[in-house]
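# Observations on the three-dimensional arrangement
This is what each chain is made of:
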Amino acid sequence: MIAYIIRRLLAAAGTLFVVSVLTFGIFYMFPRLAGATPETLASRYVGRSATAETVKATANALGFYDPVTVQYWHWAKGIFVGADYNLGTGVEHCPAPCLGYSFISRTPVWPDLLDRFPVTLSLAIGASVLWLAGGLAVGVLSALRRGTVLDRTAMMVALAGVSMPIFWTGLMALSFFSYRWGLFPGGGSYVAFTENPIRWAYALMLPWITLAFLFSAQYARLTRAGMLETMNEDFIRTARAKGLVERDVVVKHGLRAALTPILTIFGLDFGLLIGGAVLTENVFSLNGLGKYAVIGISDQDMPKIMGVTLVAAFFIVLSNLVVDLLYAFVDPRVRLK
Amino acid sequence: MSFLEVKDLRVHFPTDDGLVKSVDGLSFHLDRGKTLGIVGESGSGKSVTSLSIMGLHKAGTARISGEIFLDGQELVGATPDEVRALRGKRMAMIFQDPLSAMHPFYTVGHQIIEAYRVHNQVSKQVARKHAIEMLDRVGIPQPDRRVDAYPHQFSGGMRQRAMIAMALSCDPDLLIADEPTTALDVTVQAQILDLIRDLQREFNSAVIIITHDLGVVAELADDIQVMYAGRAIEYGTAEDIFDRPQHPYTWGLLGSMPRIDQERTERLIPIKGTPPSLINVPSGCAFHPRCNYASLTGGASESEVPELLDIGDGHRVACHLTAEQRRKSWETDIKPKL
């Protein structure tokens with residue numbers, strides 16, 4: 001078991017390394033493919049009145065003339081020990097972990113990410129609790145009452161949920177529940193959990209429900225399929241043969257076995273949500289990581305975009321790792337290899 | 001009344017292709033301390049019978065009629081809850097493949113404890129001790145350690161023993177073993193059969209052993225019922241069936257069985273044809289299309305369903321051949337070749 005954990009940790013570290021190389025490579029390559037030179041890149045950071053020498057000097061100071069491997073090395077090193085950016089107007093210090101320095105807003109990227117992370121995390125946790133509870137329950141019931149009106153209705157609603165784009169459901173939800181009927185606060189009303197847990201939950205309820213509607217549809221279908229398969233297994237018949245009540249057969253024997261693939265998918269979904277809840281955060285004006293990515297893209301601020309990409313990748317790798325470890329915990333057959 | 005009485009059991013499954021008559025008029029009885037072997041090909045209705053006794057057919061899929069009495073209590077008409085209360089406690093079942101029949105995520109101990117605590121209000125510690133005792137009784141070494149092992153960590157034979165321990169944890173009066181040794185090595189088979197016999201003697205339970213392997217019933221069964229196409233076509237003691245079989249199908253089964261204790265210089269005699277469709281069961285005697293002697297009955301085999309009739313001392317056979325015809329065929333055709 002320990003060996004398994006260590007192996008997975010090493011694999012995760014390796015993946016993160018590859019991701020960092022790829023991310024850096026992409027953000028290095030694309031401007032150059034679009035015809036940028038070190039000078040044009042540097043000129044974005046020095047203001048309008050800069051002379052050609054200043055531009056060249058800035059480009060040099062920022063390492064734009066260095067080979068890509070050296071640039072990568074500086075950037076990667078900065079993640080661990082911090083970096084200094086000599087901009088001619090002064091030296092900007094970017095403390096460790098330095099995921100990049102936004103020359104447009106003149107701040108390191110990391111503190112912004114740190115500030116916004118709780119918002120995205122709140123969104124992800126709340127929504128996932130809702131969608132797991134709802135999706136699993138509906139999925140199990142549909143599987144048990146397969147073919148009935150309940151089953152067909154539930155699956156149709158699920159199909160609708162999966163098919164409707166979230167920016168539309170989100171806007172509809174805001175429009176009706178928030179602005180028309182005043183049941184929930186409108187966009188941009190986030191309150192931190194540490195400040196006021198009740199208002200925190202109240203403000204996030206609408207985005208939670210919107211996001212959960214989308215995901216619970218998927219999970220209901222997954223759970224239904226998994227349960228239908230599992231309830232045909234031999235060990236279900238054995239459980240009944242022992243005299244267990246049907247509820248225990250379904251939950252303790254059936255659902256328990258059907259849950260493992262759903263767990264894997266949940267890990268992936270949760271990890272993806274951390275870096276990718278762009279649409280939801282935009283619709284509901286939540287200042288999370290997704291919104292940050294949008295800001296970075298509209299400002300063409302590469303360090304911001306790179307920072308968010310890395311954080312998103314980190315959480316996907318992390319959630320994959322956690323799911324792998326949980327899987328070994330849940331399914332004893334995995335542990336011994 | 002015997003401990004287990006089955007009267008005119010019929011189990012039909014409505015399907016899109018038609019009504020599948022898995023069991024069509026089965027009657028037998030079994031007393032405590034005795035073993036009944038139910039023998040037949042795949043599709044003969046053996047497993048369906050046992051699932052009907054246990055009430056394990058999925059609700060709504062099977063149409064069951066007839067009567068099943070377990071120690072006087074009727075099961076076919078009973079409510080699902082009533083039958084559920086009996087499962088594990090008064091009647092238990094072990095299945096063919098112990099690896100798929102046990103939950104892969106729970107330890108063997110947990111599953112035995114669960115079986116015990118369904119019917120006994122005891123603490124987990126008491127149940128755990130009982131589970132270790134059961135594992136010891138079925139011959140699993142180091143039971144106090146193996147109780148925390150998972151099913152996939154056992155070898156095939158040990159797994160089957162663990163399943164037997166689980167089935168017997170509440171001291172049921174009836175044990176149904178559905179092909180308990182089919183998935184095991186031959187050497188392990190013998191051990192498992194010995195175990196079942198020893199436990200039967202200890203608990204004085206009634207045992208039904210379902211198998212297609214005549215060697216298994218020769219070891220274990222007091223009485224044997226041969227099934228074909230959902231009906232019993234011969235019933236008798238083990239001696240009756242092996243030494244004095246009366247039905248052509250039984251002859252076929254014995255003839256197609258390889259024997260290690262006899263010198264066979266002739267080929268095995270397979271039963272010609274294929275098992276019948278249970279939706280379109282052949283008219284009259286279901287076996288007649290495959291029977292070498294159907295022509296001797298003057299058309300009765302095609303038109304009339306033979307009754308299971310007693311031909312002496314409880315030995316029953318469902319066949320239109322006269323006793324004389326049977327004796328002659330047995331002496332001239334079958335016995336020399338066995």
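Residues numbered from 1 in each chain as written. Chains lettered and ligands numbered in written order. Predicted model: local features only at pLDDT ≥ 70, side-chain atom pairs only at ≥ 80, totals over all residues.

### Some points on the overall build of chain A
Convention followed: Strands here mean DSSP runs of E at least two residues long; helices mean DSSP runs of H or I at least four residues long; both are numbered from the N terminus. Once C-beta atoms are placed from the backbone, each residue is buried if 20 or more other C-beta atoms lie within 10 Å of its own, exposed if 12 or fewer, and partly exposed for counts between those two. What counts as a contact here is a pair of residues whose C-beta atoms, placed from the backbone, lie within 7 Å.
Within chain A, the secondary structure is distributed over 14 helices and four strands. Projected onto its principal axes, the C-alpha positions of chain A cover 85 × 55 × 40 Å. Classification of the 337 residues of chain A by burial places 36% in the buried group. The contacts in chain A between residues at least 6 apart in sequence include a share of 65% that link residues at least 24 apart.

### Comments concerning the interface of chain A and chain B
Quick note on the threshold: When residue character is reported, Ala, Val, Leu, Ile, Met, Phe, Trp, Tyr, Cys and Pro are called nonpolar, Asp, Glu, Lys and Arg charged, and the others, Gly included, polar.
With 17 residues of chain A at the interface, the matching set in chain B holds 23 residues. Those elements giving two or more residues to the side of chain A that touches chain B turn out to be helix H9 (234-241), helix H10 (246-276) and helix H14 (332-335) of chain A. Among the elements that make up the side of chain A that touches chain B, the one with the highest residue count is H9 of chain A (six residues). Of the residues contributing to the side of chain A that touches chain B, the split by class is six nonpolar, three polar and eight charged.

### Remarks on the sheet that holds strand E9 (residues 223-228) of chain B
Residues and elements named next belong to chain B. Put simply, the rule is: A strand pair is defined by DSSP finding two or more bridges across the two strands. Helix axes are fitted only over the stretch in contact, all axes being lines through C-alpha atoms; the angle between N-to-C directions runs from 0 to 180 degrees.
Strand order in the open sheet formed by eight strands is E6-E7-E8-E3-E9-E10-E12-E11, and the pairing between neighbours is mixed. At either margin of the open sheet sits one strand with a lone partner, and together these are strand E6 (91-94) and strand E11 (309-310). Relative to strand E7 (residues 174-178), E6 is paired through four bridges, and the arrangement is parallel. Each residue of the ladder has a partner; that of Ala92, found in E7, is Leu175. The strands touched by helix H7 (residues 156-167) within the sheet are E6 and E7, with E6 carrying the most contacts at an inclination of about 170°.

### Notes on the confidence of the model for chain B
As a reminder of what qualifies: Known as pLDDT, the predictor's per-residue confidence is scaled from 0 to 100.
Looking at chain B, pLDDT values average 90 and 99% of them are 70 or higher. Complex prediction metrics read pTM 0.82 and ipTM 0.89.

### Quick notes on helix H11 (residues 248-255) of chain B
With respect to burial, H11 of chain B is a largely interior element, six of its eight residues being buried. Residues of H11 of chain B that are buried make contact with helix H9 (214-220), E9, strand E10 (231-237), helix H10 (238-243) and helix H13 (323-334) of chain B.

### Quick look at H9 of chain A
The α-helix advances 3.6 residues per turn, and as a result positions three or four apart in sequence lie on the same side. Burial analysis of H9 of chain A places six of its eight residues in the buried class, which makes it a mostly covered element. Burial in H9 of chain A covers these residues: Phe235, Arg237, Thr238, Ala239, Arg240 and Ala241 of chain A. Considering only its buried residues, H9 of chain A is in contact with H10 of chain A together with helix H1 (46-54), E6 and helix H3 (98-101) of chain B. Looking at the residues trailing H9 of chain A, positive phi occurs at Gly243 of chain A, about 100°.

### Some thoughts on the sheet that holds strand E2 (residues 18-30) of chain B
All names here are of chain B. If you walk across this open sheet you meet the four strands as E2-E1-E4-E5, and the pairing is antiparallel. Strands at the two margins of the open sheet, each flanked by one partner only, are E2 and strand E5 (73-74). The pairing of strand E1 (residues 4-15) with strand E4 (residues 63-70) spans seven bridges and is antiparallel. Of the residues in E4, the one forming a bridge with Val6 is Ile68. Sheet strands touched by H1: E1, E2 and E4. Its angle to E2, the strand with the most contacts, is close to 70°.

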